[in-house]
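Residue-level structure breakdown
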Amino acid sequence: FLIGNFIMGWSHDKIVVEADEAEQTAQDYSIMVNDPDADATDPDEWQKFFSQFGHVSYVTVALNNGTLLSLLAKRKAIMRQLGFETTAKKTEDQQIDFDAEENTRLYNLLPFHKKSARGIVQLRHQLLTVDAAIEKEAIDKNYTAARVFVVFENEKSQRRCLQRLTTGTIPAALEWVGELPPHMIFRGTNVLSVCEAPEPTDVIWENLETPLKHQIIEQTMTLILSLGIVALCAYIIYLLNEAGQSFLAAFFISITNSVMPSVLKMINETEEHLTQGSKQTSLLLKLVFLRWMTTGFIVLLIRDTDGTLDEKFVGKVWAVLLADAITTPTLRLLDPSARIGRNYLSKKAESQEKMNSYFLGTDWFLAERYTDMTKTLFVSLFFTAIFPQGLFVTAFAFMVSYWVDKYCLFRLWKQPPAMDGKLADAARFQISLIFIANCFVSQHFLRGWPFDDLQATSSTATVTFDGASTANTVIYKVVDQVSYNFFDWTEQGWFSEDQKAVVKIYSILNIVALTVFAVFYFGHSAQYSLHKLFKGSYAAVGEAKDDDYSFVPGIQTYVPMVSHKSLGLPLIASDMKGTFDAEHISFTMKDYSKVDLTKSNAFRNVSNTRRKGAFSICKQYKSPRLLDWEIENVEVDMETIHKWERETMLKTKKVMKGGLEDVGKMGTVGGVKIGGIKSLAEREQADSKKKGMLGGPENHEL
């Protein structure tokens, strides 16, 4: 099993390489600077520095404006909720046009229990509070560079940069120059900490300013809190069982399995992760500990040892696996709350926007799906010694989950952000732990078999029962057959000959498996961590392709955005005026101004300079090939237009016997009319204007 897991890891790595080579994404062309100089907010400076490795197509300087972005997203959600509360269509300016003092007076008159409701007065009060916080944040804070994303025009440039600039965490923090030449040291003083950038949709922009030290402390504290809560629940279950309240213990297990995942998600939401993948991995660890504890270890500890082989105890294991195979997938497929919203509540919506909110798709967590699968595998292998049929149920559960999840992914759930393979790596690590648990617990069950706490002695006696006597009856004594020493193969008096052999095999197997696991996983992880600290870690995946970034269809770039759980689309947090191509945004819409935070009227009392300085900058640098392509395509378009004009004029002359009359406005290109030209002089003037659009290098930005 452990060897099979290693083979699965090798296969997974192979799939990653094939997927990377099959599709070009922004990550293949991009790097991320983790420690930019605080005042290095000019993208041109970064473009000039990284151009030594190849043409730079994009530079995004992410500022430490996380608090501001979170406030603006919250404000947008409040404005949206205000729109739900009225049937009249209102712009943002109209929605904030109310008497603030009067609204505050009405809010103060509300009873305490109604102040948290979602009425218009309460929402307007929240809006006033958020607007004040935004104004204070924008005016008082000095915004500096937190991270820098650089997108190269080709993969080879990106790999060349990473190979030469990748260094350890400690050398980068202490500015150890080492063998780096001066031209690879930013401003001659900063040894940059550079790594391959995550996918654009994987980045959590409002958390990029969070220092590494803060992340470590915060995530450690939330992990301890989560493990403590789960351990407390397990202890309560144990005490209830010890007090003879087996029904209450079973009921508390059910409640824990239902409520605790939501509690752990809430705790996980307080962590400030840089990427969605990191956030999901953290949630994965917490959920795994919860589900393994409540479905395996606690059940094992609180069972009546005399009833280990009873049909009732084995039936509990069967029930858990059957629920994973049928009940849980059915609930996911039915998706009752979302279907009620789409089919019934949407018809009663008071506005179009509120109706649309019921069709956004169901939120889901990839980490939760992984833990559901590994929990099923854990239960079946944990109890496989006493219920081997569970393996067949598990295989059936995996098949059902695959098809149900596939349907939900395409039909019911929200589109997830693009993430790397770290969650899959974490799941493989869990599978190895499951194998170790299987070895230990199987040895425990086989050693204690048949769990009747009786051992035959060498003494015999004549037993009389119901008037009949039986001579030479073996006398048994009471013994404790339960042992949690997983490495003990000492022969016991109740062992059969086959039992002696199998217990010895499992005890030796436990030692071997634990050693292999420790060497290959913990040893490799320790080596990797040390190497990353002092040397850095970068290994190219697959072969670099020759495709230019600017010519990859549908490719994205690093446009700063912020999301809110109640909003259907992300909000753009960078000025869109000609600095980057809208085709490289991760979503499409007709009017991006609706999601442009830089135009928010929350800045009505903030100077234009301060407003601009509060947002990250994303700037495009077009490659020579892209500029030539644009010029060629514009020229072809002009020829097509001229041909169309000539055909139109000829047709018009045949119908109208008066020379070149006005045939009406046919349309415009670049602000130039392409119809209704009355004279040759006017046509020549129009041609001159069109050619001016294609003029010298200063006009190549067209």
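Keep in mind it's a predicted model, so treat the numbers as computed, not measured.

A look at the overall build of the protein chain
Check the secondary structure of the protein chain and you find 21 helices and 11 strands. Counting only residues that meet the buried cut, the protein chain has 43% of its 702 residues in that class. Sequence-distant contacts in the protein chain: of pairs separated by 6 or more residues, those separated by 24 or more amount to 77%. For the protein chain, the exposed surface amounts to about 37900 Å²; the carbon and sulfur share of it is 59%.

Some words on a nonpolar patch on the surface
A contiguous nonpolar patch, built from Trp-318, Leu-322, Ile-326, Phe-396, Met-399, Tyr-402 and Trp-403 and spanning about 730 Å² of accessible area, is present on the exposed surface. Of all elements in the fold, only α12 (311-334) and α16 (390-411) reach the threshold of two or more residues within the nonpolar patch. With four residues, α16 is the largest single contributor of residues to the nonpolar patch.

Points about the environment of Pro-416
Inspection of the secondary structure puts Pro-416 in the loop between α16 and α17 (422-448). Residue class for Pro-416 comes out partly exposed when judged on its relative accessible area of 35%. It is 9.5 Å that separates the C-alpha atoms of Pro-416 and Gln-276, two residues lying 140 residues apart in sequence.

Digging into helix α7 (residues 155-165)
The periodicity of an α-helix, 3.6 residues per turn, causes residues three or four places apart in sequence to face the same way. Of the positions making up α7, those classed as buried are Glu-155, Ser-157, Gln-158, Arg-159, Cys-161, Leu-162 and Leu-165. Between a side-chain oxygen at the N-terminus of α7 and the backbone nitrogen of Lys-156 the separation is 3.3 Å; the capping residue is Asn-154.

Examining the sheet that holds strand β3 (residues 145-152)
Read across the open sheet, the five strands follow the order β4-β1-β3-β2-β9; overall the sheet is antiparallel. The two strands at the open ends of the sheet, each matched to only one other strand, are β4 (194-196) and β9 (617-620). Strand-to-strand twist of the sheet, defined as the mean angle between neighbouring strand axes without regard to direction, takes the value 20°. Note that strand β2 (residues 56-63) and β3 share seven bridges and pair antiparallel. Along β3, the bridge assignment pairs Thr-60 with Phe-149. Contacts from helix α2 (residues 43-50) reach β1 (30-33), β2, β3 and β9, with the element oriented near 135° to β2. In this fold α7 packs onto β1, β3 and β4, with an angle of close to 140° to the strand it touches most, β4.

Let's talk about the packing of aromatic side chains
According to the stated counting rule, one finds 22 aromatic pairs in the structure shown. Taking 5.3 Å as the distance between ring centres and 80° as the angle between the ring planes, the aromatic pair formed by Phe-297 and Phe-382 counts as edge-to-face. With Phe-297 in helix α11 (residues 276-302) and Phe-382 in helix α15 (residues 366-382), this residue pair connects regions lying 85 residues apart in the sequence. Note on Phe-551 and Trp-629: the rings are 6.2 Å apart at their centroids and 90° apart in plane angle, and the pair reads as edge-to-face. With a gap of 78 residues between them, Phe-551 in the loop between α18 (497-534) and β7 (561-562) and Trp-629 in helix α20 (residues 624-655) connect regions that are remote in the sequence. Exposure remark for Phe-551: the relative accessible area of 26% places this residue in the partly exposed category. Trp-629 sits in the partly exposed class, given a relative accessible area of 42%.

A look at the pattern of salt bridges
If you walk through the whole model with that rule in mind, you get 27 salt bridges. Its salt-bridge partner being Arg-291, residue Asp-372 comes within 2.9 Å of it at the nearest N-O pair. Placement of the pair is Asp-372 in helix α15 and Arg-291 in helix α11, with a sequence separation of 81 residues. Several salt bridges converge on common partners, so that one network encompasses Lys-265, Arg-291, Arg-332, Glu-368, Arg-369, Asp-372 and Asp-405.

Some thoughts on the nonpolar core
Ile-31, Trp-46, Phe-50, Leu-165, Trp-205 and Ile-585 are the most contacted members of the largest nonpolar core, which has 78 residues in total. Setting aside chain neighbours within four positions, we find Ile-585 in contact with Val-559, Met-561, Ile-572, Met-576, Phe-580 and Tyr-592. Counting residues in each nonpolar core, the second largest holds 42 residues, with Ala-234, Val-288, Val-314 and Val-441 among its members.

Details of the packing of α11 against α15
Running from N to C, α11 and α15 cross one another at 25°; their axes reach a closest spacing of 9 Å. By the angle between their axes, α11 is roughly parallel relative to α15. Of the two elements, α11 crosses α15, and the hand of that crossing is right-handed. Contacts between α11 and α15 involve Gln-280, Leu-283, Leu-284, Leu-287, Val-288, Arg-291, Trp-292, Thr-295, Gly-296, Phe-297 and Leu-300 from the former and Leu-366, Ala-367, Glu-368, Tyr-370, Thr-371, Asp-372, Thr-374, Lys-375, Phe-378, Val-379 and Phe-382 from the latter. Looking at the contact of α11 with α15 residue by residue, the class counts come to 13 nonpolar, five polar and four charged.

About the cut-offs
- Residues numbered from 1 in each chain as written.
- Predicted model: local features only at pLDDT ≥ 70, side-chain atom pairs only at ≥ 80, totals over all residues.
- Heavy atoms only, no water.
- Helix = DSSP H or I, 4+ residues; strand = E, 2+ residues; numbered from the N terminus.
- Buried < 20%, exposed > 50% of the residue type's maximum accessible area, 1.4 Å probe, protein only.
- Contact = heavy atoms within 4.5 Å.
- Areas by Shrake-Rupley, 256 points an atom, 1.4 Å probe, with all protein chains shown as cover.
- Patch = residues over 30% accessible without salt bridge, like charges linked within 9 Å, V, L, I, M, F, W, Y side chains within 5 Å.
- Salt bridge = Lys/Arg side-chain N within 4 Å of Asp/Glu carboxyl O.
- Polar contact = N/O pair within 3.5 Å; in protein donor to acceptor, adjacent residues only side chain to side chain.
- Pairing = 2+ DSSP bridges.
- Axes fitted to C-alpha atoms, helices over the stretch in contact; angles between N-to-C directions.
- Phe/Tyr/Trp six-rings, centres within 6.5 Å; stacked < 30°, edge-to-face > 60°.
- Core = buried A, V, L, I, M, F, W, Y, C linked by side-chain atoms within 4.5 Å.
- Parallel < 35°, antiparallel > 145°, perpendicular 65-115°, else oblique.
- Left-handed = near helix turned anticlockwise from the far one by under 90°.
- Nonpolar A, V, L, I, M, F, W, Y, C, P; charged D, E, K, R; others polar.

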